[in-house]
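Letter by letter, the chains look like this.
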Amino acid sequence: LFQKLSSIEEIESTKKPRNLKATLRPYQEAGLSWLKFVHELGSGGVLADDMGLGKTVQTIALFLHVLETQPDARFLVVAPTSVVENWRREVARFAPGVGVSTVTETAARRGGVPLAEAVAGATVVVTSYALFRLEFEQYAALGWDLLLLDEAQFVKNHQGKTHQCVRRLDVPTKIALTGTPLENSLMDLWS
């Protein structure tokens, strides 16, 4: 990773994916380029920006970019319960044709339906931090190409169970989205 990073002079600009149903502003194009860079590098990263400036659409653009070269890629979005449904709507709006599934209940409340069956056929799966933690083993068993943490300040406590689940999930790229990357100390950003 350090060898790759030391040879980079600038991050290559990324064009908007052809299937994205949105016009990106210049700063959103820069955000997409950053997300593509960290994904291809395999390092993971943080996209920190003020609320309402389009972190979601930048991430959906990354999903579409990845799908152009990896059509079978699958993405797991973990978000606060209050925005899970919003993610489904935004994927449908900006990337129509990309299968999206939301997980809003545990297996017991789904009538015993295993997670794999509940999300079968979905390219983007969106769930809450609580459900991700509670059914971690089922999420870990599915195999993902990218883990996206929305409102990632939810995992800032490196001793918390949710943080531990995020660290244990075996996925090539982990990306954190947040409007508040630092609240208490630099440890927040490290987490």
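For the structure itself, consult the block above.
Note that the structure is a prediction, hence the values are computed from the model and not measured.

Draft legend 1. Highlighting the sheet that holds strand β1 (residues 45–48). Taken together, six strands build an open sheet; the order of strands is β1-β6-β5-β2-β4-β3 and the sheet is parallel. The strands lining the two open edges of the sheet, one partner per strand, are β1 and β3 (100–103). Adjacent strand axes in the sheet meet at a mean angle of 20° when their direction is disregarded. Across three bridges, strand β5 (residues 146–149) lies against strand β6 (residues 174–178) in parallel orientation. Residue pairing for β6: L149 is matched across the bridge by A176.

Draft legend 2. The environment of L64, seen in detail. For L64, the position within the fold is in helix α3 (residues 55–69). Note: C-alpha distance between L64 and V98 (34 residues apart in sequence) is 8.6 Å. Excluding residues within four positions of it along the chain, L64 makes contact with P17, N19, L20, F94, A95 and V98.

Draft legend 3. Examining the packing of aromatic side chains more closely. According to the stated counting rule, one finds four aromatic pairs in the structure shown. The interplanar angle of 10° and the centroid separation of 4.3 Å between the aromatic rings of F63 and F75 together place this pair among those described as stacked. Of this pair, F63 sits in helix α3 while F75 sits in strand β2 (residues 75–79), and the two are twelve residues apart along the sequence. A relative accessible area of 3% means that F63 is categorised as buried.

Draft legend 4. Up close: the side chain of T173. Turning to its location among the elements, T173 is positioned in the loop between α8 (161–168) and β6. A distance of 3.0 Å separates polar atoms of two side chains, one belonging to T173 and the other to H39. Beyond its immediate chain neighbours, meaning those up to four positions away, T173 contacts V38, H39, G42, G44, D145, L146 and L147.

Draft legend 5. Examining the side chain of H65 more closely. With respect to the secondary-structure elements, H65 resides in helix α3. Taking relative accessible area as the criterion, H65 reaches 15% and is therefore assigned buried. Other than its neighbours up to four places away in sequence, H65 contacts T14, P17, K36 and E40.

Rules of the game
- Residues numbered from 1 in each chain as written.
- Predicted model: local features only at pLDDT ≥ 70, side-chain atom pairs only at ≥ 80, totals over all residues.
- Heavy atoms only, no water.
- Pairing = 2+ DSSP bridges.
- Helix = DSSP H or I, 4+ residues; strand = E, 2+ residues; numbered from the N terminus.
- Axes fitted to C-alpha atoms, helices over the stretch in contact; angles between N-to-C directions.
- Contact = heavy atoms within 4.5 Å.
- Phe/Tyr/Trp six-rings, centres within 6.5 Å; stacked < 30°, edge-to-face > 60°.
- Buried < 20%, exposed > 50% of the residue type's maximum accessible area, 1.4 Å probe, protein only.
- Polar contact = N/O pair within 3.5 Å; in protein donor to acceptor, adjacent residues only side chain to side chain.

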